[in-house]
Amino acid sequence: MRASGWNLAHCFRSFTMQYYSTLKKAEPVNFKQATITGQAPDKGLYFPEKVPMFDSKLLSDWKNIGKNELAFRIMKPYVNGEIPEEMLQDIVAETIDFDFPLVPITDRIWSLELFHGPTLAFKDVGARFMSRCLGYFNKGNQKKVTVLVATSGDTGGAVANGFENVEGIEVIILYPEGKVSPVQELQLTTCGNNITALKVNGNFDDCQAMVKQAFMDKDLNEHYQLTSANSINVARWLPQQLYYCFALQQWGFDEAPVISVPSGNFGNICAGMLAWKSGLKVDHFIAACNANDVVPRFLLGDDYEPRKAVATLSNAMDVGDPSNFVRIMELFVQDKNALQQMISSQSVCDETTLATIKQVFQRNGYLLDPHGAVGYKALEDYLQMHPGKKGILLETAHPVKFPDVVKQATGQEVPIPENVKPLFEKTPKSIGMDASFEALQKWLLNR
Ligand SMILES: *Cc1c(COP(=O)(O)O)cnc(C)c1O
């Protein structure tokens, strides 16, 4: 019968997680397709059709659930049965196989340290989850998948590390020459095997523009099955909400925290806001930015006006046209007033970043990296205006990734952690390239 057939389909559909394009000119897809394609064909970003609510049992029993189980339960509705449960459990456990400690700095500010993964920055979680999902989906496939990714510093290392030796997948990383730190450069140029690093004579926005154009190029798409590993990919973006859940698991107060997130492409903070939408108790979000201040200006009342990125000491946030901001607007159904209730944004200049690293080190004995320092300063200012509140800053990278900045600020050498030392014995390998799409296209078609 026609009518009931329709009802059944309709009913079933409401239980199936689909992802629609934020530009709404492409068909909705499932998790697998969204992971394989990266960006929607209409150049929009995939967004979950329905934000699942964390069940109340999960929230009330929050502190007694192990982090693996918690992470599995949070990711499950998004993956929607497209990866078998035991497999997803393994993937999640491998993804978060390190610590996420919440460390006090003052009596009102805590640091959630997200740098205990293999490449010492928070991007390890997204990169590891995505590489394992993509590896699973592409198993047995004849055609190799080529992950094309632009990095301002940390993405490249995390993606290289996450995808190293994953069968059926090769990774090509574009990074801006002279604009990444020595540890970052080693992390993305020493993997070899299925990982290739292209050193682009330009800035991060140039790299990102080259990658975006490659995804739309007919010739390239005939030769390659291309996908992105930037935070536009749902499999990289979605697991970042776990940080916020781990923070709340360790939070010792009844009052919800203010959470400050050093932001560039706005993937991380947007994932946090997704968790909040699902029921996580967060008082307020702060998008802490460096001199690249498109979002701070927008939230203060200006038009949304992307600009060319300017280079700063917190280079992983040197983004002039943040990709994920459209997802935040989508989460708030384009309602700027509602958005402003829940999120503030502040731009912190390099001089203040240095002063903050110095001050927090001298006063509290805590060594921040430049990204964390931007987050700290924005949080400190916010708390000063809101005396009853307490907050958490997401410390997104280990200070050893930015030793020159830390030394400039504090006079201290950052001791190199044991797990980083082997990097310095490896031989870096990269291919130089002009900052033009034509150069990338020519190289890809002739290799
Ligand atoms: C990538 C990165 C950021 C910015 O994160 P987005 O999700 O792009 O906003 C901040 N800090 C560090 C150390 C990073 O690597």
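This text gives an overview of the structure that appears in the document. (Residues numbered from 1 in each chain as written. Predicted model: local features only at pLDDT ≥ 70, side-chain atom pairs only at ≥ 80, totals over all residues. Heavy atoms only, no water.)

## Description of the sheet that holds strand S13 (residues 431-434)
One open sheet accounts for five strands, arranged S8-S5-S6-S7-S13; its pairing is parallel. Edge strands, defined here as strands with exactly one partner in the open sheet, are strand S8 (225-228) and S13. Ignoring which end each strand starts from, the neighbouring axes of this sheet average 30° apart. Note that strand S5 (residues 145-150) and S8 share four bridges and pair parallel. (Pairing = 2+ DSSP bridges. Helix = DSSP H or I, 4+ residues; strand = E, 2+ residues; numbered from the N terminus. Axes fitted to C-alpha atoms, helices over the stretch in contact; angles between N-to-C directions.)

## Regarding the site of the ligand
In the neighbourhood of the ligand, 15 residues make up the surrounding shell, with Lys123, Asp154, Gly264, Asn265 and Thr396 lying closest. Within the side chain of Lys123, one N or O atom sits 2.5 Å away from an oxygen atom of the ligand. Interatomic distance of 2.9 Å between a backbone N/O atom of Asn268 and an oxygen atom of the ligand. A majority-of-atoms criterion places the ligand in the largest cavity. Class assignment for the residues of the shell around the ligand results in six nonpolar, seven polar and two charged. (Near = heavy atom within 4 Å. Polar contact = N/O pair within 3.5 Å; in protein donor to acceptor, adjacent residues only side chain to side chain. 1 Å grid on protein atoms, 1.4 Å probe; cavity = no way out; pocket = protein on both sides within 12 Å on 5 of 7 lines; lining within 4 Å. Sits in = over half its atoms within 2 Å of the grid points. Nonpolar A, V, L, I, M, F, W, Y, C, P; charged D, E, K, R; others polar.)

## Observations concerning the state of the cysteines
Inspection of the entire model under this criterion finds zero disulfides. Residue Cys289 stays outside any disulfide, its sulfur separated by 13 Å from that of Cys349, the closest cysteine. (Disulfide = S-S within 2.5 Å.)

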